[in-house]
Amino acid sequence: DGATVDLIPRTPNKTKRLVRCVDGAVKSILAADESVVRPGMSASTGMRHFEVVTPAVTQVVRNQFDCMSLSGARLENQPTNALDCFGSHWDER
């Protein structure tokens, strides 16, 4: 119908920021805002991880695992290459 829709991105473009990686190293990387990908640490194992925490992903994960306390979907904690701070795929559960 020719209608124009102005889409507003969830966050600004990726910006370079200091991030503590899953291996404990601190790197300056291009990273999404923490409202999209957030670092965390397991209370039981002390292992670092990153989670995708957008509202849609969080709701799907909570429904999938029937656990309303989940805060997001974890990414694998093995970086895909030496320049990455975290994996590029969902963590296997």
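Note: the structure precedes this text.
Quick notes on the rules
Residues numbered from 1 in each chain as written. Predicted model: local features only at pLDDT ≥ 70, side-chain atom pairs only at ≥ 80, totals over all residues. Heavy atoms only, no water. Helix = DSSP H or I, 4+ residues; strand = E, 2+ residues; numbered from the N terminus. Buried < 20%, exposed > 50% of the residue type's maximum accessible area, 1.4 Å probe, protein only. Contact = heavy atoms within 4.5 Å. Areas by Shrake-Rupley, 256 points an atom, 1.4 Å probe, with all protein chains shown as cover. Core = buried A, V, L, I, M, F, W, Y, C linked by side-chain atoms within 4.5 Å. Pairing = 2+ DSSP bridges.

Some words on the overall build of the chain
Link 1 in the chain: Broken down by element type, the chain carries one helix and five strands.
Link 2 in the chain: Ordered by position from N to C terminus, the α and β elements of the chain give β-β-β-β-α-β.
Link 3 in the chain: When each of the 93 residues of the chain is scored for burial, the buried share is 26%.
Link 4 in the chain: For the chain, contacts bridging at least 24 residues in sequence account for 29% of all contacts bridging at least 6.
Link 5 in the chain: Surface accessibility of the chain: about 6,800 Å² in total, with carbon and sulfur atoms responsible for 53%.

Points about the nonpolar core
Link 1 in the chain: In terms of nonpolar packing, the biggest core is built from 13 residues, with Val19, Ile29, Val37, Phe50, Leu75, Cys85 and Phe86 touching the most fellow members.
Link 2 in the chain: Elements with a contribution of two residues or more to this core: β2 (26–31) and β4 (48–52).
Link 3 in the chain: Apart from residues no more than four positions distant in its own chain, Ile29 is found in contact with Thr15, Lys16, Arg17, Val19, Leu83, Cys85 and Phe86.

What to know about the sheet that holds strand β3 (residues 37–41)
Link 1 in the chain: Spatial strand order, β3-β4-β5: three strands in an open sheet with antiparallel pairing. Where the open sheet ends on each side, the last strands, each with one partner, are β3 and β5 (73–74).
Link 2 in the chain: In the sheet, β4 pairs with β5 via two bridges, with the strands oriented antiparallel. Residue Glu51 lies in a different strand from β5, and its bridge partner there is Arg74.

Observations concerning the pairing of strand β1 (residues 15–20)
Link 1 in the chain: When β1 meets β2, the two strands line up antiparallel, connected through six bridges. If you follow Thr15 over to β2, its bridge partner there is Ala31.

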